[in-house]
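# Residue-level structure breakdown
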Amino acid sequence: MKLSRRLTRYLPFSALALAAALSGGAFAQEPVLNLYSARHYQTDEALYANFTKQTGIRINRIEGKEEELLERIRNEGANSPADVLLTVDAARLANAHELGLFAPVRSTVLESRIPAHLRTEDWFAFSTRARVIVYAKSAVNAEEVRNYADLADPRLKGKVCSRSGSHPYNLSLMASIIAHQGEAKAEAWAKGVVANFARAPKGGDTDQIKAVAAGECGVAISNTYYVARLMRSGKPEDKKVVERIGVVWPDQQGAGTHINVSGAGMLKNAPNKAAAVKFLEYLASDEAQVYFADGNNEWPAVPTVKIANPALEALGKFKADTLPVGSLAMHRAKAQIIFDRAGFR
Ligand code: FE
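What you see as residue numbers is a count from 1 along each chain, following the sequence as written. Where totals are concerned, whole chains, interfaces and linings use all residues; where local detail is concerned, this predicted model gives features only for residues with pLDDT of at least 70, and gives and counts side-chain atom pairs only at 80 or more. Derived side-chain values reflect all non-hydrogen atoms in the structure, with water molecules and hydrogen atoms excluded from consideration.

For the rest of this paragraph, the subject is the overall build of the protein. Counting its secondary structure elements, the protein contains 16 helices and 9 strands. The principal-axis extents of the C-alpha atoms in the protein amount to approximately 85 × 40 × 30 Å. Taking all 345 residues of the protein together, 50% fall into the buried category. A separation of at least 24 residues holds for 78% of the contacts in the protein among residues at least 6 apart in sequence. Residue exposure ignores everything except the shown protein chains as possible cover, and the areas themselves are Shrake-Rupley values with a 1.4 Å probe. Counting only carbon and sulfur atoms, one obtains 54% of the accessible surface of the protein, whose full area is about 15800 Å². Note on charges: Lys and Arg go in the positive column, Asp and Glu in the negative column, and His and the chain ends are not counted at all. Charged side chains are reduced to one point each, which is NZ for Lys, CZ for Arg, CG for Asp and CD for Glu. Across the protein, the mean location of the 44 positive side-chain charges is 3 Å away from that of the 36 negative side-chain charges. Put simply, DSSP marks the helices as runs of H or I at least four residues long and the strands as runs of E at least two long, and each gets a number from the N terminus on. For the exposure calls, accessible area comes from a 1.4 Å probe over protein chains only, and a residue counts as buried if that area is under 20% of its type's maximum, exposed if over 50%, partly exposed in between. In what follows, a contact means two residues having at least one pair of non-hydrogen atoms within 4.5 Å.

Around a metal, the idealised angle for a tetrahedral arrangement of four donor atoms is 109.5 degrees; for an octahedral arrangement of six donor atoms it is 90 or 180 degrees. Donor criterion used throughout: N, O or S atom within 2.8 Å of the metal, extended to 3.2 Å for Na, K and Ca. Water excluded; incomplete-looking sites may result. Protein-derived ligands of the iron ion are Y169 (OH), Y225 (OH) and Y226 (OH), with the metal-ligand distances lying across 1.8 to 2.1 Å. Counting along the primary sequence, the residues that act as donors to the iron ion give the motif Y-x55-Y-Y. When its relative accessible area of 2% is taken as the criterion, Y225 is described as buried. On the basis of relative accessible area, Y226 is assigned to the buried category, the value being 13%.

Moving on, we get to the pairing of strand 6 (residues 219–223). With 5 of 5 residues buried, strand 6 is to be regarded as a mostly interior element. Of the two faces of strand 6, the one carrying V219, I221 and N223 and the one carrying A220 and S222 are both buried. DSSP bridges decide pairing: two strands pair if at least two such bridges lie between them. Strand direction decides the pairing type here: strand 4 (residues 124–136) and strand 6, joined by 5 bridges, are antiparallel. Directly across from Y135, in strand 6, lies its bridge partner V219.

Here it is, written out as structure tokens:
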């Protein structure tokens, strides 16, 4: 300590800070990770506490809505304290990538744990959700809605409900349809769906499910976790909703059901890059995967990890589309153009 005190007079500040950090002495900075998160689930608390327990790295969490966080990181620019951005939806993660906000991460842990189609060079999916068809058992036969294509079939005229075509969940679904079938077929599909609307798009996925149960719509598209949330709800009105609906895994004979993700990436200007990589690797661990996925009724991205979620078990097994999440980004802009042209607002 005597030596470092004497050095104080001669060393510039940065070298001094480095020396203090290396010595682990009183001047050492506590290791931290600045996490910008669009997830707000209770189980995430345990997730973060366990990371700190394992690594000694404290987490500073900045929570916000998805678009707000992106905007904030952009505005902070080179001075951004953000180390990791954690958010939902492939289209949003792809947007962050296109804006050049992420830094590439090479990690043998992440490469061996996360399947290739669920990662890119700079962001990684840590859980998946599927976009399913929900139908009113009293009004529609499950056989009529086996595929996304069925939603555009004239026999469903006046029965289809959906949230906005501008919402990232629908843009990602549309991007996958473009990737599999090309733009012309994708546009014909969008026009067919619009022609079948029971009402103009409004509300979120849960609103569509409730409208199906109420008889206002015959079919709707929804993410699985919204269905699972209703299935696990103790409220009598939610139980009634669940009794009235059926759920279909679309495209089981084709490409498989479209899946979307929750994911994260390290930011280009991250001040704590080593901590950021450690955190991403931690999210791929068995323990973190369970918290991360189960907390929002999603499936772990790491295929060997099993969760005991009664609602997901009740929904059963399905074939998921293995289109690489990064390629959804490629068709995102086109997806919006096609929805606009089709009047899917
Ligand atoms: Fe959601």
